[in-house]
Amino acid sequence: MIGHGFFILGLGQRGSSKVTSHFETTEFYCDLFPLGVSLIFTRRKGEMSTLPQEVIEENILTRLPVKSVLRFRCVCKNWCNNLFKNPHFIEIHLQRTVAVNNFNLLVINQKTDHSKPTDIYICSVDHNVLSSKYLGKAVGIDYPFMSKKCASQLIGSCNGLVCIELYGKICIWNPYTKEYRQVPATPIESPSAVASCIQISYGFGFDCKIDDYKLLRIVGFADNEVSEARVYTLRSNSWKSLGFIQYDFSWDRNRGHLVDGVLHWIAVARRTGSKASCVTVSFDICDETFRETSLPVNCWINHGMSELGTWEGKLCLVLKHKKDDAVVWTMKDYIWSKEFSITEEIADMIYGRPIQIFRNGEILFESYLWKEQKVGLMAYDTKLKRARVLKISSLPKLCDIEPFIGTLVSLNSATFLGQEKLEEE
């Protein structure tokens, strides 16, 4: 819609893009309303305005949702074969997508009856569904090795890439472009001949210094004070050892929480001759170094629940003890500050991990419904101190949830869904 009229975006000769107006005025205002993109066009009476190609590419196409961009591949060969694969275009589109933060949710069913072919195993919840106050639906999607339904886990997401373990294989995958890369296996180095592995934690993120993605693996051992750490780099497609670290990660989830290039866990620091303590362990993806920060309170003694999340671009910690209000703390420059208490409770529902924040300021929480014994989603308005339950059908009762955005980021693997060949057992 343009002003009170309309425009037609089409392709002229030699692939030029044109905007045709039916106005009689010499200047009009164009608002590409779904994206908040505003442009001013001028023309003489009775003539057609022509947008420069760079304006179409840099100022319009880079602001479109990835679904629209992918649909436009059929508009012209140049867009399909060159523009949408151009690293510069992909980077600008990524930056604008991150700024808008229209995140979606990837959901893995953790209790699937494999005898039911209709069971949804991996599904997604679109941002428009999350933002709506009406009933929405989780939709099943294709994923790597989907013909082999099996135990899996979400590892993390960054810039539209999702890291996931499926069928005993770790894959980095773009759910929109359907490109993926399988991460090579790497051995586990044990601290002793009798130590047995009890848990594996992962973290996934982007190294801005070398413009590459990294995967961190941490292996914990029974009756041992150390864990083994290794890091995988996407471009080199290889692992390297970071040695042993003196933390036990079995306290927290099996994946790190990514905030501004740093992965975070709640872990137990175990040192010979010292009392074990609960701390926040941070891993700088660029420097590949670990750092610990004391928690604002002792989670073991004072609180029955603790979850890491994100709030206003900062790492946040949600602490709840019995019937007390949940308290949200944030960390900046490795210093904790108390932000607010969540005073609004919903019957038979407990606040879990903070997943993301909506543009209206509401915090999206993973939640648990005690009576129904299932995972749910709820939003809390920090200003109005009001909570609401998100109405989403087809959400698995027990599931793992990870936010992700839609981008064109490539893995340079040339491997796409439908091309893989499963290995015979």
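Residues numbered from 1 in each chain as written. Predicted model: local features only at pLDDT ≥ 70, side-chain atom pairs only at ≥ 80, totals over all residues. Heavy atoms only, no water.

Some thoughts on the overall build of the protein
Okay, so step 1: A count of helices and strands for the protein gives 6 helices and 32 strands.
Okay, so step 2: The buried share of the protein, taken over its 425 residues, is 50%.
Okay, so step 3: Carbon together with sulfur atoms contributes 51% to the accessible area of the protein, which is approximately 21,500 Å² in total. (Helix = DSSP H or I, 4+ residues; strand = E, 2+ residues; numbered from the N terminus. Buried < 20%, exposed > 50% of the residue type's maximum accessible area, 1.4 Å probe, protein only. Areas by Shrake-Rupley, 256 points an atom, 1.4 Å probe, with all protein chains shown as cover.)

Details of the side chain of histidine 257
Okay, so step 1: With respect to the helices, strands and loops of the structure, histidine 257 is situated in strand β19 (residues 257-259).
Okay, so step 2: Reaching out from histidine 257, the side chain makes a polar contact with the backbone oxygen of glycine 309 at a distance of 3.4 Å.
Okay, so step 3: With residues near it in sequence (within four places) discarded, histidine 257 still touches Val262, Leu263, His264, Leu308, Gly309, Thr310, Leu315 and Pro354. (Polar contact = N/O pair within 3.5 Å; in protein donor to acceptor, adjacent residues only side chain to side chain. Contact = heavy atoms within 4.5 Å.)

What to know about the pattern of salt bridges
Okay, so step 1: Inspection of every chain in the model, using the stated rule, returns 14 salt bridges.
Okay, so step 2: The closest approach of N and O atoms between lysine 67 and aspartate 126, which form a salt bridge, is 3.5 Å. Residue lysine 67 is located in helix α2 (residues 66-71), and its partner aspartate 126 is located in the loop between β7 (122-125) and α5 (127-131); the two are separated by 59 residues in the primary sequence.
Okay, so step 3: With a relative accessible area of 43%, lysine 67 lands in the partly exposed category.
Okay, so step 4: Through salt bridges that share partners, Asp207, Lys214, Lys240 and Glu288 make up one connected network. (Salt bridge = Lys/Arg side-chain N within 4 Å of Asp/Glu carboxyl O.)

Re the packing of aromatic side chains
Okay, so step 1: Under the defined criterion, the tally for this structure stands at 18 aromatic pairs.
Okay, so step 2: When the centroid spacing of 5.3 Å and the interplanar angle of 80° are considered together, the rings of phenylalanine 249 and tryptophan 265 count as edge-to-face. Of this pair, phenylalanine 249 sits in the loop between β18 (247-248) and β19 while tryptophan 265 sits in strand β20 (residues 262-269); the two residues are 16 residues apart in sequence, bridging distant segments of the chain. The exposure classification of phenylalanine 249 matches that of tryptophan 265, with both residues buried.
Okay, so step 3: Their ring planes at 80° and their centres at 5.2 Å tell us that tyrosine 368 and tryptophan 370 sit as a pair that is edge-to-face.
Okay, so step 4: With relative accessibility at 25%, the residue tyrosine 368 sits in the partly exposed group.
Okay, so step 5: For tryptophan 370, a relative accessible area of 52% corresponds to the exposed category.
Okay, so step 6: Among the aromatic residues, those joined into a ring-pair cluster are Trp311, Phe340, Tyr351, Phe365 and Tyr380.
Okay, so step 7: In this structure, arginine 217 packs its charged tip against the face of tryptophan 239, placed 5.8 Å from the ring centre.
Okay, so step 8: Residue placement shows arginine 291 over the ring face of tyrosine 334; its charged tip is 3.8 Å from the ring centre. (Phe/Tyr/Trp six-rings, centres within 6.5 Å; stacked < 30°, edge-to-face > 60°. Lys NZ or Arg CZ within 6 Å of the ring centre and 35° of its normal.)

So, the environment of glycine 406
Okay, so step 1: Among the structural elements, glycine 406 can be located in the segment after β32 (399-404).
Okay, so step 2: Residue classification places glycine 406 among the buried residues on the basis of a relative accessible area of 8%.
Okay, so step 3: Spatially, the C-alpha atom of glycine 406 lies 8.0 Å from that of asparagine 159, the residues being 247 residues apart in sequence.

Some remarks on helix α4 (residues 87-100)
Okay, so step 1: For α4, built from 14 residues, the straight-helix expectation of 20 Å at 1.5 Å per residue is met to within 8% by its first-to-last C-alpha distance of 20 Å.
Okay, so step 2: All of the buried residues in α4 are Phe89, Ile90, Ile92, His93, Leu94 and Thr97.
Okay, so step 3: Tucked into the core, α4 has its buried residues touching α1 (53-60) and α2.
Okay, so step 4: Put simply, asparagine 86 is the residue that caps the front of α4, since its side-chain oxygen is 2.7 Å from the backbone nitrogen of histidine 88. (Expected span 1.5 Å × (residues − 1).)

Some details on the packing of α1 against α4
Okay, so step 1: Between α1 and α4, whose axes approach to 9 Å, the crossing angle comes to 45°. Taken together, the axes of α1 and α4 are oblique relative to one another. Here Glu57, Glu58 and Asn59 of α1 come into contact with α4, specifically with His88, Phe89, Ile92 and Arg96.
Okay, so step 2: Tallied by class, the residues present in the contact of α1 with α4 amount to 2 nonpolar, 2 polar and 3 charged. (Axes fitted to C-alpha atoms, helices over the stretch in contact; angles between N-to-C directions. Parallel < 35°, antiparallel > 145°, perpendicular 65-115°, else oblique. Nonpolar A, V, L, I, M, F, W, Y, C, P; charged D, E, K, R; others polar.)

Looking at the sheet that holds β32
Okay, so step 1: The strand order across the open sheet formed by 4 strands is β9-β7-β6-β32, and the pairing between neighbours is antiparallel. The sheet is open, and its two borders are formed by β9 (139-140) and β32, each paired with just one other strand.
Okay, so step 2: One ladder, built from 2 bridges, connects β7 with β9; its direction is antiparallel. Residue pairing in the sheet places serine 124 in a bridge with valine 139 of β9. (Pairing = 2+ DSSP bridges.)

A few points about the nonpolar core
Okay, so step 1: Ranked by size, the top nonpolar core spans 68 residues in total, and within it Leu105, Leu130, Ile172, Phe204, Leu215 and Leu377 carry the most contacts.
Okay, so step 2: When residues of this core are assigned to their parent elements, the largest contribution, 5 residues, is made by strand β11 (residues 161-166).
Okay, so step 3: The residues touching leucine 105, leaving out its near neighbours within four places in the chain, are Cys123, Ser124, Val125, Leu130, Ile355, Leu364, Leu377, Ile401, Glu402, Pro403 and Phe404. (Core = buried A, V, L, I, M, F, W, Y, C linked by side-chain atoms within 4.5 Å.)

So, the sheet that holds β11
Okay, so step 1: Taken in spatial order, the 4 strands line up as β10-β11-β12-β13 in an open sheet, and their pairing is antiparallel. With partners counted over all chains shown, the strands left at the sheet margins are β10 (152-158) and β13 (180-183), one partner each. The sheet shows a mean angle of 20° between the axes of neighbouring strands, direction not considered.
Okay, so step 2: Relative to β11, β10 is paired through 6 bridges, and the arrangement is antiparallel. Considered in β11, the bridge of serine 152 is made with leucine 166.

Examining the state of the cysteines
Okay, so step 1: Enumeration according to the criterion identifies 0 disulfides in this entry.
Okay, so step 2: The thiol of cysteine 76 is unpaired, and the distance to the nearest cysteine sulfur, on cysteine 80, comes to 8.7 Å.
Okay, so step 3: Not engaged in a disulfide, the cysteine cysteine 286 finds its nearest cysteine sulfur in cysteine 208; these two sulfurs lie 3.7 Å apart. (Disulfide = S-S within 2.5 Å.)

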